[in-house]
Amino acid sequence: MTACTQQPGTAATVEGERITQAELAATVEDLDTLNGMASDPGQVLTSLIFAPVVVTASGDAGVGVSQAEATALLDEVAATAGLEPWDYAPGTIQIAELQLVSQYTASVAGLNEEIAVRAAEADVEVNPLYGEWSGASGVQPTQWPWLLEPATAAVG
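All figures in this text were calculated on a predicted structure; none of them were measured in a lab.

A. Structural view of the overall build of the protein chain. The number of helices and strands found in the protein chain is five helices and five strands. The order of α-helices and β-strands along the protein chain, N terminus first, is β-β-α-α-α-α-α-β-β-β. Taking all 156 residues of the protein chain together, 38% fall into the buried category. For the protein chain, restricting intrachain contacts to residue pairs at least 6 apart in sequence, the fraction spanning at least 24 positions comes to 64%.

B. Summary view of helix 2 (residues 41–60). In this model, helix 2 (20 residues) spans 29 Å end to end at C-alpha, consistent with the 28 Å of a helix rising 1.5 Å per residue. Approximately 35° is the largest bend angle found in helix 2, and it occurs at Phe50, with the proline Pro52 only one to four residues beyond. A distance of 2.6 Å separates the backbone nitrogen of Gly42 from a side-chain oxygen at the start of helix 2, and that oxygen is part of Asp40.

C. Structural detail: the pairing of strand 2 (residues 17–20). The sheet contact formed by strand 1 (residues 10–14) and strand 2 spans four bridges and is antiparallel. Looking at the pairing, Val14 lines up with Glu17 of strand 2.

Cut-offs used in this document
Residues numbered from 1 in each chain as written. Predicted model: local features only at pLDDT ≥ 70, side-chain atom pairs only at ≥ 80, totals over all residues. Heavy atoms only, no water. Helix = DSSP H or I, 4+ residues; strand = E, 2+ residues; numbered from the N terminus. Buried < 20%, exposed > 50% of the residue type's maximum accessible area, 1.4 Å probe, protein only. Contact = heavy atoms within 4.5 Å. Expected span 1.5 Å × (residues − 1). Bend = angle between axes of the 7 residues up to and from the residue. Polar contact = N/O pair within 3.5 Å; in protein donor to acceptor, adjacent residues only side chain to side chain. Pairing = 2+ DSSP bridges.

Below is the structure:
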C-alpha cells in the first residue's frame with residue numbers, strides 16, 4: 001500500500017498541492033455534523049479538488065466570494081441544525097465557497113465552459129483508497145478487476 005500516493009497521508013494532489021487525509025477527515029467530520037448524516041469521503045474529496053478551480057475561475061469572471069461569506073453560510077447552516085458555530089476545517093470553508101459561487105456560474109456567459117476546461121486540464125492524482133479521478137465526473141470508486149460482484153439468487 002505504500003505505492004498508493006506520492007507521500008504518505010495524501011488523499012489527492014492537485015497541481016502539486018496536497019490534500020491530506022487529515023484535511024479530508026476534518027472536512028468530512030464537519031459536514032457530517034452540519035448535515036446530521038454521513039458524508040461520502042469520495043464525494044467530499046471531489047468537492048475539495050473542484051473547489052479551487054471553480055472559485056478561482058468565478059473570481060476571474062467577477063463573481064468571487066470571500067471566506068467570510070462562506071463562514072457566514074456555514075454558521076447559518078449550523079444554527080438551522082441547532083448547533084453553535086465552531087472553527088470549521090479549511091476544506092469545509094472551501095466547499096461553502098464552492099456552494100456560494102455555484103449560484104452564479106450559470107448567469108455568467110462562458111463561465112461553466114471555462115470551469116470545465118480548467119478542471120479537465122488540472123493535474124490531479126487521487127489515492128486509490130478513495131477511488132480514481134475521472135475528470136468532469138470527479139472521484140469514482142476504483143474498479144478492482146480481481147473482485148467479482150456477487151451473483152443474485154433468482155427468486156421464484
